[in-house]
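# Structural features, examined
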Amino acid sequence: MTDATGGLFRRARSSRLGWRLLAERLSGYWFAAAGYLAIALFAAITLLLLHRSLPILSEYSLVAMLTSADWSPTQNSFGFLPAIVGTVYVTFLSMTMGIPIAVGAAVYIAEYADGRRKTLVASFIDVLAAIPSVIFGLVALIVVVPFVGTYVAPAFGGGTAGVGIFTVSLVMAIVVTPFMISLSVESLESLPDELRETSLGVGATKFETIRSVLLRAAGPGIFSAILLGFGRVFGATIVPALLIGGQTQLPGSVFSTGQTLPTLIVNDFGELMALPLTQSALIFVGLMLVVVVWLFNFGAMLFRRRLQRRWQY
Amino acid sequence: MDRYRKQRLFGAAVRAAALLVVGVMLLVVSVTLVRGGRVLLTDPTIVVTPPGSRYMLEGTGGFLHAVLGSAFIVGPATAISMVFAVSTATYLQSDYSSERFSESVNMFLNVLWGTPPIVYGVFVLTIIIAVGAQTSLLFGIVAIAIFQYPIMTRYTDEALRAAPDRVRESTYGLGATRFESARMTVRAAAPGIIAGLIMGFARGIGDAATVLFTTGRSTRMPGGLLDAATTLPVLIFDQAMSFNPEVRSHAYAASFVLTVVVLGLILVSKLLAGRYARYTP
């Protein structure tokens, strides 16, 4: 505490202005601390996870762990490749299924629907975004799993168990779509009406206006929405843990069971946490998740700036 | 294909996309409400009955422990997180900070917002291991509070940004200090902040990955701050993996309760936002 603040404390006893100045000074400290909290939290998470992953990183080489397909912690072999491949499959598949639907529904809400129907559809999507993902997983167990097992997987020559990478991807697409929709709607609606009027005025059809003008102008916003969806699929824990089957092997097809990075933590957490090296390996998985999310966010920020410059109207 | 047919096709496609999303939503909610409602109708007391000693195996008793666990974890966590969220957002939006600094803090908030919840769970777990403590209610509160902090800060930040500049200008004009001006701005942004509070609560109560490792997944009534506990999403997760059909049916009852709470919260947030709108200038 500085001398000036001590002076304020003395003044606060005698005058009302002193009180107000004291409150002003102290609140300055408090708010500054709160402002640094986000940075501190980020640093603490990264450093603590890094520190705790050091045992495994010093024991095995990073490249060997990331490219080995053999995950059997009890025999001290830590290959992350199956989980990494599973995560990539799930993320890629569910983004492929989710993005067209999300952009389509967002265009419908922002450009086609009006009046009560718009309010109704938009609030339905709000509700869908707020439902906890564990409930999606539970409903999927009795709806999506039999559906995939009896109809989809046999049609593509896959297994008939119903659980597996494809099921997880389908359910995760459903989970993240509402988030992507509401963010995309926001950025479409913030566009000025002159854009629509000008484009329609020079003879473009509504489809041409949306494709060549509106989706471009709202591009950076829609891109952030997609990125948010990516992050949620990538780090999804509960739905994959319920539906992926939990076998740590390289997936043979998109219908086979597998493992993602977060489910690796969930499935091996209980009994193996007692072994220090396994514990370190699982914490290293957490570190990988943080680093990938961080890199993607940073890359996205640069990319978004570029888009904003190129696609400005 | 001529351009008008393309336009009609596109119109049909976006309508189909919206219809699909609404249809899926109706399916999920109705399956939860019907399946869960059926279980609850046959025995509504399971919500308020403490679990039996072999609850996860035989399904004796109810899941009051998870209902209480959720309330005792998410309630305090939301309160703690709110204090920090409002402070951080005030710092970013008012004259306490430079624009450059708030931009970089916003970048970190975005990264935190995108960080998977399981990372927060693992982070708190490493803290637990480091201090040599047991998984407990307290660490559940910490984990959920960390999880909610970026979410609520973002909502609060947006609400404060939307507050009219007149508020700040006129309070400074009357000779207010920065602190007093910030207080008035927060009051003007109250509806948005309340909405953010409720959304934070809803996200917190629905999240399982953060509390999975930090509260201990206990099957007893929570005994105190340092005692193991569980929450509704974790309970549903555990029940869904059970081999006993009776325990699995309880999962639907529990998700009925969770869905009703979350839907109720959204409704309340919309109503409150309307009610508080009269405090805004």
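Fair warning: this is a prediction, and the values are worked out from it, not measured in the lab. (Residues numbered from 1 in each chain as written. Chains lettered and ligands numbered in written order. Predicted model: local features only at pLDDT ≥ 70, side-chain atom pairs only at ≥ 80, totals over all residues. Heavy atoms only, no water.)

### As for the overall build of chain B
To keep it simple, the criterion reads: Segments assigned H or I by DSSP are reported as helices when at least four residues long, segments assigned E as strands when at least two residues long, and all are numbered from the N terminus. Summary of the burial criterion: residues with accessible area below 20% of their type's maximum are buried, those above 50% are exposed, and those between are partly exposed, where the area comes from a 1.4 Å probe applied to protein chains only. The accessible surface values rely on the Shrake-Rupley method and a 1.4 Å probe; as for residues, cover is taken only from the protein chains in view. Two residue types count as positive, namely Lys and Arg, and two as negative, namely Asp and Glu; His and chain ends fall outside the count. Throughout, a charge is located at the NZ atom of Lys, the CZ atom of Arg, the CG atom of Asp or the CD atom of Glu.
Within chain B, the secondary structure is distributed over 12 helices and 0 strands. When the helices and strands of chain B are read in sequence order from the N terminus, they spell out α-α-α-α-α-α-α-α-α-α-α-α. The C-alpha extent of chain B, read off along each of the three principal axes, is 70 × 65 × 35 Å. Looking at chain B as a whole, 52% of its 281 residues are labelled buried. Surface accessibility of chain B: about 12,200 Å² in total, with carbon and sulfur atoms responsible for 64%. Mean positive and mean negative side-chain charge positions of chain B (23 and 15 charges, respectively) differ by 8 Å.

### Regarding the overall build of chain A
Convention followed: Both definitions apply: the radius of gyration is a C-alpha atom measure, and the globule rule equals 2.2 Å times residues to the power 0.38. Note on contacts: a residue pair qualifies if any of its non-hydrogen atoms lie within 4.5 Å across the two residues.
Of regular secondary structure, chain A possesses 14 helices and 2 strands. Relative to the compact-globule value of 20 Å for 313 residues, chain A shows a C-alpha radius of gyration of 25 Å, a clear excess of over 25%. By principal-axis analysis of the C-alpha atoms, chain A measures approximately 80 × 65 × 35 Å. Put simply, chain A has 313 residues, and 51% of those count as buried. Looking at chain A alone, contacts between residues at least 24 apart form 68% of all its contacts between residues at least 6 apart.

### A closer look at the packing of aromatic side chains
Short version of the rule: Here a pair means two rings of Phe, Tyr or Trp (six-membered ring of Trp) with centres within 6.5 Å. Their orientation is stacked below 30 degrees between planes, edge-to-face above 60, and tilted elsewhere. Either the NZ atom of lysine or the CZ atom of arginine qualifies as a charge over a ring when it sits within 6 Å of the ring centre and within 35 degrees of the ring normal.
Taken as a whole, this structure holds 13 aromatic pairs over all chains when the rule is applied. Seen in terms of ring centroids, Trp294(A) and Phe298(A) are 5.6 Å apart; in terms of plane orientation they differ by 5 degrees. Their pairing is stacked. Of this pair, Trp294(A) and Phe298(A) are both found in helix H14 (residues 276-310), 4 residues apart, which corresponds to roughly one turn of the helix. Take Trp294(A): its relative accessible area is 29%, and that puts it in the partly exposed class. In this structure Phe298(A) comes out as partly exposed when scored by relative accessible area, which is 36%. Against the face of Tyr112(A) rests Lys206(A), its NZ or CZ located 4.2 Å from the ring centre. Its end group placed over the ring of Tyr252(B), Arg35(B) keeps NZ or CZ at 4.5 Å from the ring centre.

### With respect to the domain arrangement of chain B
Residues and elements named next belong to chain B. Filter applied, for reference: Note that the domain bounds reflect an automated or database-derived domain assignment. Once two parts are joined, some of their accessible surface, as seen by a 1.4 Å probe, is lost; buried area is that loss totalled over both. A pair is scored as a salt bridge if a Lys or Arg side-chain nitrogen falls within 4 Å of a carboxyl oxygen belonging to Asp or Glu. Counted as a polar contact is a pair of N or O atoms within 3.5 Å, where, for protein atoms, one must be capable of donating a hydrogen and the other of accepting one, and residues adjacent in sequence contribute only when both atoms are in side chains. Each residue gets one label: Ala, Val, Leu, Ile, Met, Phe, Trp, Tyr, Cys and Pro are nonpolar, Asp, Glu, Lys and Arg are charged, and the others, such as Gly, are polar.
If you check the domain split of chain B, you get domain 1 (3-42) and domain 2 (45-279). On the domain 2 side, the residues contacting the 7 residues of domain 1 number 10 residues. Together domain 1 and domain 2 conceal approximately 780 Å² of surface at their shared face, both sides included; 86% is due to carbon and sulfur atoms. The three residues of domain 1 that bury the most area against domain 2 are Thr 32, Val 39 and Leu 40, which together make up 56% of that side's buried surface. At the surface where domain 1 touches domain 2, the tally comes to 0 salt bridges. Our enumeration of links across domain 1 and domain 2 arrives at 0 residue pairs in polar contact (both at pLDDT 80 or more). Among the residues making up the side of domain 1 that touches domain 2, the classes are represented as 3 nonpolar, 3 polar and 1 charged.

### A short note on helix H11 (residues 232-240) of chain B
Burial runs high along H11(B): 9 of the 9 residues are buried. Looking at H11(B), one finds that the buried residues are Leu232(B), Pro233(B), Val234(B), Leu235(B), Ile236(B), Phe237(B), Asp238(B), Gln239(B) and Ala240(B).

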